[in-house]
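The residues making up each chain are set out below.
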Amino acid sequence: NKKGFIFDLDGVIVDTAKYHYLSWKSLANELGFDITLEQNEQLKGVSRVRSLEIILGWGNKTLTEEAFAKYMAEKNDNYLSHIAQMDAGEILPDIPKTLNYLQETQQGIALGSASKNARKILQKVNLYETFQAIVDGNDVSKAKPDPEVFLIAAQQLNTVPTDCIVFEDSVAGVTAANAAGMISIGIGSDETLGHADYVFNDFTEIQTRFIEELINR
Ligand code: B16
Ligand code: MG
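As the structure is a computational prediction, the values presented were derived from the model and not from experiment.

S.K.: Can you explain the packing of aromatic side chains? Please cite residues and give values.
M.R.: Taken as a whole and assessed by the stated rule, the structure comprises 7 aromatic pairs. Between Phe167 and Phe203 the ring centres are 5.0 Å apart and the planes differ by 55°, which places this aromatic pair in the tilted class. With Phe167 in strand E4 (residues 164–168) and Phe203 in the loop between strand E6 (198–200) and helix H9 (208–216), the pair connects residues that are 36 residues apart, well separated along the chain. Taking the relative accessible area as the measure of exposure, Phe203 reaches 2% and is therefore buried. Seen from their ring centres, Tyr198 and Phe210 are 5.0 Å apart, and the 75° between their planes marks the pair as edge-to-face. Here Phe210 lies in helix H9 and Tyr198 lies in strand E6, a separation of 12 residues in the sequence. The exposure class of Phe210 is buried, given its relative accessible area of 13%. Of the aromatic side chains, those joined through ring pairs into one cluster are Phe5, Phe7, Phe131, Phe167 and Phe203. The ring centre of Tyr71 lies 4.6 Å from the NZ or CZ of Lys70, which sits over that ring. The ring of Tyr79 carries Lys75 above its face, with NZ or CZ at 4.5 Å from the centroid.

S.K.: Before we move on, could you go through the site of ligand 1 and cite the residues and values that matter?
M.R.: As a matter of local geometry, ligand 1 sits amid 18 residues, with Asp10, Val46, Ser115, Lys116 and Asn117 nearest to it. Contact between ligand 1 and Asp8: an oxygen atom at 2.9 Å from a side-chain N or O atom of the residue. For ligand 1, an oxygen atom lies 2.7 Å from a polar atom in the backbone of Ala114. Alone, ligand 1 offers 470 Å² of accessible surface; in the complex the protein occludes 98% of this. In a pocket analysis with a 2 Å cut-off to the grid points, ligand 1 is assigned to the largest pocket. Mapped onto the shell around ligand 1, the elements with two or more residues apiece are helix H3 (48–58) and helix H4 (65–83).

Conventions adopted
Residues numbered from 1 in each chain as written. Chains lettered and ligands numbered in written order. Predicted model: local features only at pLDDT ≥ 70, side-chain atom pairs only at ≥ 80, totals over all residues. Heavy atoms only, no water. Phe/Tyr/Trp six-rings, centres within 6.5 Å; stacked < 30°, edge-to-face > 60°. Helix = DSSP H or I, 4+ residues; strand = E, 2+ residues; numbered from the N terminus. Buried < 20%, exposed > 50% of the residue type's maximum accessible area, 1.4 Å probe, protein only. Lys NZ or Arg CZ within 6 Å of the ring centre and 35° of its normal. Near = heavy atom within 4 Å. Polar contact = N/O pair within 3.5 Å; in protein donor to acceptor, adjacent residues only side chain to side chain. Areas by Shrake-Rupley, 256 points an atom, 1.4 Å probe, with all protein chains shown as cover. 1 Å grid on protein atoms, 1.4 Å probe; cavity = no way out; pocket = protein on both sides within 12 Å on 5 of 7 lines; lining within 4 Å. Sits in = over half its atoms within 2 Å of the grid points.

The following block contains the structure:
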């Protein structure tokens, strides 16, 4: 019984949200305002362009097209300087255990991320070879909550959407998984991810038995 298991990156496999935050914060500071950790929550799963638009809204700033492009590049350079320091120690608890189990049972394993840096990050944490399909911000024309990213992942795994399971930490990502007709598993709080089929705080709460049941359903 082969199923497709699709993982979001930031907030599921690694916590890169803290690096996105540092980079956006220094950019906001440069523009004369600040952003809080609470505001950063709203940027999770959101594309780079959309994130900057939202941040400029918070600071009541408008930029010329040129300046917008300049700040986008600056943010990414800053973010990449954090990524450069990453190693396998940053993989979130019990992710390796789950991936090993899925490999042993010959399941499809894919990445479905909004990040344009996803491949680089997977290489840094030594997981690049684990994924049979990697679909990221470079491969889609419509961002989450549109299901495109997960539908392409299913296709690349040679599985139908109804045989796919998505692990997501963002509201938009869970909505995208549901729209794709896949089983959605929220990683985070029940409060924000209540629209997911199942919610767990993190992978340490997910029993192998549960994964086994998903494979056999
Ligand atoms: P980049 P995910 C998302 O990753 C992040 O959650 C979000 O904060 C970020 O803006 C987005 O990737 C784009 O990232 O600037 O690297 O292209 O959660 O979809 O894996
Ligand atoms: Mg995420």
